Structures are given as structure tokens and as C-alpha cells.
Amino acid sequence: MSAYKDQDPRLHGIKTKIRVVPNFPKSGIMFQDITTLLLDPKAFKDTIDLFVERYKGKNISVVAGIEARGFIFGPPIALAIGAKFVPLRKPKKLPGKVISQEYILEYGRDCLEMHVGAVEPGERALVVDDLIATGGTLCAAMDLLERVGAEVMECACVIELPELKGRERLNGKPLYVLVEYMEI
Amino acid sequence: MFVLENGAKKGEEQRLQAISQAIRVVPHFPKQGIMFQDITTLLLDHKAFKDAVDIFVDRYRDMDISVVAGVEARGFIFGSSIALGIGAKFVPLCKPGKLPGEVISEKYVLEYGSDCLEMHVGAVQASERVIIIDDLVATGGTLSAATRLLERAGAEVVECGCVIGVSDPKVGCNKVNGKPLYILLEPREVENDF
């Protein structure tokens, strides 16, 4: 589901604040830069509010955020809805005992880790990141949470790149985004 | 300066104790001899996490701060919520190669080797009042680099705020490039029950 389709008046302000940087990190990629959104306190607050309005009162006890831009959006959402914040990190950053989930990239592999004991079985969780592209990272995140017995209610991202079909990769898990970016 | 030295408000002492107890100490990470202060357990305690953010928000709300800069990555966890709480912009300070636009870079020295912090050109305007947030300050090297980046952009760094830092000025850092440091807690030296 995309909030943009529902035409909440705050969405236009959010979309126009996202800067597109061509050919980063490599040729052909139109990088969606959310740092410019963060420079507009009202638009940043609106972004968080849209997620909070959706998830408050839904008995969600875990917001998992993907390093590093998920650390910008996830914690304010967690604080506002009364949930814990669980950082999902690149290897060797978390100091305690971890579980790891490998995932495939366009070239090669990467790995996401979560602290053992951060999430209990039966907890209702959200996964938050700034953007969904192919969905590989979000899948790895969901796998980590499901492996410890949590229930992933939804994945929440500011931006979706629908042409990369990440939504289909989520194994039927719902995805909620605020804006879509199409190349055409 | 430490929150408690500054005359903690009624109830603040209790909040600080709860925050301190929520932080896990992991011995010998990332290497032998280091008692790592793990704030991820604080983030699992909603009330304590909220209290930590609120203490910073209460302090900075009326200080005319227009920018909160957060050091990647744990500075993001606290910094973005503080920015939202005081109505300021949030500016991420990142490791090299992460920011997509034009950046300015500041190198800094580590125990072995060096590292680099970057900020987007144009994120901060000259004479904006800025605070810099990170989870912990040790030697002050990273915060010094962060301060220099902001000053090169013409901003005024009002203060650096950290959840954890060492109070003894002989051992720890209590000013960064002459700028004040505001710290909630000292590091715990003993492994606790987690």
C-alpha cells in the first residue's frame, strides 16, 4: 500500500524534499537522498507522524531498524508508539551474542545481525528502512525476526522503487510506503 | 558537564539511574581490555530510552538550536529524536562514501591509523547554532572532527551531547575543541546482569 495514492496532503511536501542524486553509488542509479528531507523539520515530522498514526494502538512492541538510515526513522516511531527499538546491523558492530542472516546482492553477499534476546517469541514487529529497492535487505531483516519467533506485521519505508519489484519479494508480508519513485 | 553535577531536577536522578541500569557492559569488545558500553539494551526499555531523549530535549529546547548533527551510526539513534523534539534539522555525519551529494571531509586520528567523517555541503548555513550528538565520548577524537566539520561550514557548535562519557578530566574528555560537553552518565566498569 502506498500512502501517496491516498493523497494525504503532507505527502507532497515529503516527496519534494527528497533529493535524487544521479549515478550514485554507481552509473545508472538514481539515488534517493533522504538527508534533504531531514533538513525540513516539518516534513521530517510529517514523515514520522504518518507512520505513527498507522501503527499506534496496534499492539506493536518492536520496531526493528536497518543500519544506518533505518536508525534515523525507526527510533522516533518506536518512541511514539511505545515500542522497543532494535537495531539490525552489519557484521561485527553489535557487541553481544548475535544471530546473522546472509543475503544476496547484485554482486556478492552481505549479512545482517541482531542481538540474541532483543526480541521475544510472539512479539509483533515492524521493520523500518528509508527505502525498499529489490527487497533483499528487508527479507533478511524479516528472517531474523521470524527466526526468534516474532511476528512481522509490516515493513515500512519512506520510499519504494516499484520497478525493482521489492514488494513481491516480501513473501506476502505487507509493505507500507509513503512515496514511490519511478524513473519514467 | 554532567547532568548530576548541574543540580539534577527532582526525579531526574531516578531517571538517570534507570537509564544507567539499562545499559549493558560487554567486556573485551571490540578488543581485550575494553568494557564496551552497549546502549542497545537501553533501546529495549521504552521508558528509559524516552527519558534519555527527553533530558536532552528539555535542555536544548530553549537554546535556539536549529541543527542537531548526529554521528553515524549510534548518534543517529538519539539525534533524530532529539531534533524532532526541539524542531531542528537533523544532519547525519557519516563515514566516507555514504553521503551521495557533495561533501566536506574531516580526517581524525585513531589509536591505530585514522578515519574520516563527512557532511553534505549546504546542510548547514553559516551562523546556525548546532549541537552534536553521539552515544558515547571516549577520547573525543570523533566529536572533535565533527566540531571542525560544522565550524568549517560556518556554524556555531553550542555543545556536544552524549549519553555516556568519563567525568575525570585527567582521564576523559570534558571539552571538545573548547566546546562544552553535556553527558548523562559515566561508563560502568563492571559487567552487569543481562
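Residues numbered from 1 in each chain as written. Chains lettered and ligands numbered in written order. Predicted model: local features only at pLDDT ≥ 70, side-chain atom pairs only at ≥ 80, totals over all residues. Heavy atoms only, no water.

Moving on: the overall build of chain B. Across its full length, chain B holds 4 helices and 10 strands. Taken from N to C terminus, the helices and strands of chain B fall in the order α-β-β-α-β-α-β-β-β-β-α-β-β-β. Relative to the globule expectation of 16 Å for 194 residues, the C-alpha radius of gyration of chain B, 16 Å, shows essentially globular dimensions. Along the first, second and third principal axes, the C-alpha atoms of chain B reach 45 × 40 × 30 Å. (Helix = DSSP H or I, 4+ residues; strand = E, 2+ residues; numbered from the N terminus. Rg over C-alpha atoms; globule rule 2.2 N^0.38 Å.)

Counting its regular elements, chain A contains 5 helices and 9 strands. Relative to a compact globule of 184 residues, whose C-alpha radius of gyration would be 16 Å, chain A shows 16 Å and is just as compact. In terms of its C-alpha atoms, chain A occupies a principal-axis envelope of roughly 40 × 40 × 30 Å. Buried residues in chain A amount to 55% of all 184 residues. Put simply, 59% of the contacts in chain A that link residues at least 6 apart link residues at least 24 apart. For chain A, the computed accessible surface area is about 8,000 Å², with 54% contributed by carbon and sulfur atoms. Charge-centre separation for chain A: the mean point of 25 positive side chains lies 2 Å from the mean point of 25 negative side chains. (Buried < 20%, exposed > 50% of the residue type's maximum accessible area, 1.4 Å probe, protein only. Contact = heavy atoms within 4.5 Å. Areas by Shrake-Rupley, 256 points an atom, 1.4 Å probe, with all protein chains shown as cover. Lys, Arg positive; Asp, Glu negative; His and termini not counted. Charge placed at Lys NZ, Arg CZ, Asp CG, Glu CD.)

Accessible area lost on assembly of the parts is the figure often given for the size of an interface. Counting from both sides, the interface comprises 33 residues of chain B and, opposite them, 35 residues of chain A. For the chain B and chain A pair, buried surface summed over both sides reaches about 2,700 Å², with 71% attributable to carbon and sulfur atoms. At the surface where chain B touches chain A, the tally comes to 0 salt bridges. Inspection of the region where chain B meets chain A yields 8 residue pairs in polar contact (both at pLDDT 80 or more). Elements supplying a minimum of two residues to the side of chain B that touches chain A: strand E1 (24-27), strand E2 (35-38), helix H2 (46-60), helix H3 (74-86) and strand E4 (89-93) of chain B. Take the side of chain B that touches chain A: its biggest share by element is 6 residues, from H3 of chain B. (Buried area = accessible area lost by both parts, 1.4 Å probe. Salt bridge = Lys/Arg side-chain N within 4 Å of Asp/Glu carboxyl O. Polar contact = N/O pair within 3.5 Å; in protein donor to acceptor, adjacent residues only side chain to side chain.)

Let us look at helix H1 (residues 12-21) of chain B. Residues and elements named next belong to chain B. Among all positions in H1, only Glu 12, Arg 15, Leu 16, Ile 19 and Ser 20 are buried. Take H1 and look down its axis: the buried residues cluster within an arc of 135°, on one side only. Among the exposed residues of H1, those oriented more than 90 degrees off its buried face are Glu 13, Gln 14, Gln 17 and Gln 21. The secondary structure elements touched by the buried residues of H1 are H2 and strand E10 (179-185). (Arc of directions from axis to C-beta.)

Moving on, we come to the packing of helix H4 (residues 70-81) of chain A against H2 of chain B. In helix packing, the relevant descriptors are the interaxial angle and the interaxial distance, both defined with respect to the helix axes. Across the interface, H4 of chain A lies against H2 of chain B with an axial gap of 10 Å and an inter-helix angle of 115°. Between H4 of chain A and H2 of chain B, the crossing angle belongs to the class labelled roughly perpendicular. Judged by the sense of rotation from one axis to the other, the crossing of H4 of chain A with H2 of chain B is left-handed. Between H4 of chain A and H2 of chain B, the residues in contact are Pro 75, Ala 78 and Leu 79 of chain A and His 46, Phe 49, Lys 50 and Val 53 of chain B, respectively. The residue inventory of the contact of H4 of chain A with H2 of chain B, partitioned by class, reads 5 nonpolar, 1 polar and 1 charged. (Axes fitted to C-alpha atoms, helices over the stretch in contact; angles between N-to-C directions. Parallel < 35°, antiparallel > 145°, perpendicular 65-115°, else oblique. Left-handed = near helix turned anticlockwise from the far one by under 90°. Nonpolar A, V, L, I, M, F, W, Y, C, P; charged D, E, K, R; others polar.)

As a further point, take the UniProt feature "domain: Phosphoribosyltransferase" (unreviewed entry) in chain A. According to UniProt, the "domain: Phosphoribosyltransferase" (unreviewed entry) feature falls on residues 41-166 of chain A. Along residues 41-166 of chain A one finds 31% helix and 34% strand; the C-alpha atoms at either end are 29 Å apart. (UniProt positions renumbered as here; feature names shortened; annotations may be inferred.)

Residue and element names in this part refer to chain A. Per the stated rule, a full pass over the model turns up 11 aromatic pairs over all chains. Taking 6.4 Å as the distance between ring centres and 85° as the angle between the ring planes, the aromatic pair formed by Tyr 55 and Tyr 176 counts as edge-to-face. Of this pair, Tyr 55 sits in helix H3 (residues 41-55) while Tyr 176 sits in strand E9 (residues 175-180), placing them 121 residues apart in sequence. Take Tyr 55: its relative accessible area is 5%, and that puts it in the buried class. (Phe/Tyr/Trp six-rings, centres within 6.5 Å; stacked < 30°, edge-to-face > 60°.)

Quick look at the sheet that holds strand E3 (residues 62-66) of chain A now. Pairing between the strands of a sheet is mediated by backbone hydrogen bonds and can be parallel or antiparallel. Residues and elements named next belong to chain A. Across the sheet, which stays open at both edges, the 5 strands sit in the order E4-E3-E7-E8-E9 with parallel pairing between neighbours. The open sheet is flanked by strand E4 (84-88) and E9, the only strands paired with a single partner. Each strand of the sheet is rotated relative to its neighbour by a mean of 20°, with strand direction disregarded. (Pairing = 2+ DSSP bridges.)

By secondary structure assignment, the location of Thr 41 of chain B is in the loop between E2 and H2. Dropping the residues within four chain positions of it, Thr 41 of chain B is found in contact with Ala 22, Ile 23, Arg 24 and Phe 194 of chain B.

All names here are of chain A. Where helix H1 (residues 10-17) is concerned, the buried positions are Arg 10, Leu 11 and Ile 14. Angularly, the buried residues of H1 cover 95° about the axis, an arc narrow enough to put them on a single face. Among the structural elements, helix H2 (35-38), H3 and E9 are those in contact with the buried residues of H1.

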